[in-house]
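Survey of secondary and tertiary structure
Listed here are the chains, written in short residue letters.
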Amino acid sequence: MNHIFYQTKTKFTNTGDALINNGLINTLRKYGKLHANCSKDVPGEFLSALGIMDEERINYESEFAFIKSVIKCARKSKKNNDRVYVFSGPGDMYGGGIKLVVRNFISGLIFPVFRLYGVTIVRIGRSVGPISKLMALSERIRSIFLSYYYVRDSKSLERCRKHGIKKVKFCPDMSWVYHRDHEKKINHTNTVMLNMRNSIFDDLDDTFVEQTLKSCEYVLCKLNSCMQNQMKLCVAYQIDEDKEFSEKIYNYFKDKYPTEYIGNQMKLDELENYYGGVDFHISNRMHSLLVGYKYGSLPIALIDTKTHTKISATFIDCNLFELMIDIYDSDTENKVDFLFNNREDLIQRLISCEKDNQTKIDETLDFIFNS
């Protein structure tokens, strides 16, 4: 038997993080018995969104208790000819203040101990953004003791190799396996959703905000024209910290178009309901863009393509660069025309891309568990 220990530490206020963790967890189940690290600081609502079953939850009082449990299971598994795996959940890595670097070094100290006990350590589903030299050093040292290291886009792959992480490989984003058997459709509602953030990383940038609003206005104006002035607007958010900016967007557009404001964070079990009622969703949030098509809406990535590499690299990797509009690009009108006139074809390409990436994820996990 395979025993799979799963670290559930992630951003609890982010529906997108719940989505990718849910996708990975549901896929891992077919490979063995899941043991999810559900410490008391993880909200119960978030654990439910991840789809973790009661019998899979282990409530560790501390990180040391989790480590002790992995080692105990590893020692027992040697006698039973079982195998033990530790998976760290998907997400982002960027920046690198001294506290983060120290935490990275300390957390990596246990990896060689795990390896001595025959534990397979897997990092999968991450993006690597701009990081400090010290952070890069700490990550390079940690990676030495990892069994497998996978990132989810070509730019992250390039950055890791530049930082000396030699074993890094590519595996697509885990959103592709979320709701994998859901029946696909194409919506016809004349409704457009805006789901935006006010920065690329965590620091508010007034220039970015101003340009984002201008670009939204250009795109919406053209879509409204394509819809013969029948367009309706829906403003929503998937991350709690985007609430203030979504309110600003709503107030900016409410007198220009018939506009609905969703005043609560869209949770995982609500996404089908919301995205299933719009034709297009305009966003600079990765997992807004990579979930709406599952329910019949075409994504428009309205981003700074040079800086927001997590999104731009993902769409380029999938040969779906047409879905991106740079907020600093002057050719917005022609691009929106193309998106509107080719919506059904583009959604079919997304569905085809989804199937290809699901196959790649399955092949990657097959390789990990059969090696």
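In short, a report on the structure. (Residues numbered from 1 in each chain as written. Predicted model: local features only at pLDDT ≥ 70, side-chain atom pairs only at ≥ 80, totals over all residues. Heavy atoms only, no water.)

Overall, the coordinates contain 19 salt bridges when judged by the stated rule. Across the salt bridge formed by Arg142 and Glu139, the nearest N and O atoms sit 3.5 Å from each other. Taken together, the residues Arg142 and Glu139, both in helix H6 (residues 133–144) and three residues apart, mark about one turn of the helix. Residue classification places Glu139 among the buried positions, given a relative accessible area of 0%. Put simply, Glu354 and Lys294 hold a salt bridge, and the shortest N to O gap is 2.8 Å. In this pair, Glu354 sits in helix H14 (residues 343–370) while Lys294 sits in the loop between helix H11 (286–289) and strand E13 (298–303), placing the two residues 60 residues apart along the sequence. (Salt bridge = Lys/Arg side-chain N within 4 Å of Asp/Glu carboxyl O. Helix = DSSP H or I, 4+ residues; strand = E, 2+ residues; numbered from the N terminus. Buried < 20%, exposed > 50% of the residue type's maximum accessible area, 1.4 Å probe, protein only.)

For Met227, the position within the fold is in the loop between helix H8 (206–226) and strand E10 (232–235). Measuring from C-alpha to C-alpha, the distance between Met227 and Asp356 comes to 32 Å, with 129 residues separating the pair along the chain. Discounting residues that sit within four places of it in the chain, Met227 has contacts with Asn190, Val192, Asp279, Phe280 and Phe340. (Contact = heavy atoms within 4.5 Å.)

This part covers a nonpolar patch on the surface. Judged by side-chain polarity, Ile98, Val102, Phe105, Ile106, Leu109, Leu134, Leu137, Ile141 and Ile144 come together as a nonpolar surface patch covering roughly 800 Å² of accessible area. Of all the secondary structure elements, the ones that give two or more residues to the nonpolar patch are helix H4 (98–108) and H6. As for its placement among the helices and strands, Ile106 is situated in helix H4. By relative accessible area, which is 55% here, Ile106 ends up exposed. (Patch = residues over 30% accessible without salt bridge, like charges linked within 9 Å, V, L, I, M, F, W, Y side chains within 5 Å. Areas by Shrake-Rupley, 256 points an atom, 1.4 Å probe, with all protein chains shown as cover.)

So, about the side chain of Asn21. The topology assignment puts Asn21 in helix H1 (residues 15–28). Of note is the side chain of Asn21, whose polar atom sits 2.7 Å from the backbone oxygen of Asp17. (Polar contact = N/O pair within 3.5 Å; in protein donor to acceptor, adjacent residues only side chain to side chain.)

A contiguous patch of positive charge, built from Lys33, Lys68, Lys72 and Lys76, is present on the exposed surface. Considering every element that reaches the positive patch, the biggest residue donor is helix H3 (residues 63–80), with three residues. Assignment of secondary structure puts Lys68 in helix H3. For Lys68, a relative accessible area of 56% puts it in the exposed group. (Lys, Arg positive; Asp, Glu negative; His and termini not counted. Charge placed at Lys NZ, Arg CZ, Asp CG, Glu CD.)

The next subject is unusual backbone geometry. Look at Asn190: it is not a glycine, yet its phi comes out positive at around 60°. Mapped onto the elements of the fold, Asn190 is located in the loop between strand E8 (168–170) and strand E9 (191–195). Look at Asn319: it is not a glycine, yet its phi comes out positive at around 55°. Along the chain, Asn319 turns up in the loop between helix H12 (309–317) and strand E14 (324–326). Since its relative accessible area comes to 46%, Asn319 is described here as partly exposed.

What follows concerns H12. Most of H12 is tucked away, with seven of its nine residues classed as buried. Among the residues of H12, Thr309, Lys310, Ile311, Ser312, Ala313, Thr314 and Phe315 are the ones counted as buried. Looking at the buried residues of H12, the elements they touch are strand E5 (91–95), strand E6 (120–131), helix H7 (154–162), H11, E13 and E14. Asn319 lies just past H12 and shows a positive phi near 55°.

A few words now on the nonpolar core. Formed by 89 residues in total, the largest nonpolar core has its most connected members in Phe87 and Ile282. With nine residues, H14 is the largest single contributor of residues to this core. For Ile282, the contacting residues outside a window of four places in its chain are Val192, Met193, Leu194, Asn195, Met196, Val219, Leu220, Leu223, Ile300 and Leu302. (Core = buried A, V, L, I, M, F, W, Y, C linked by side-chain atoms within 4.5 Å.)

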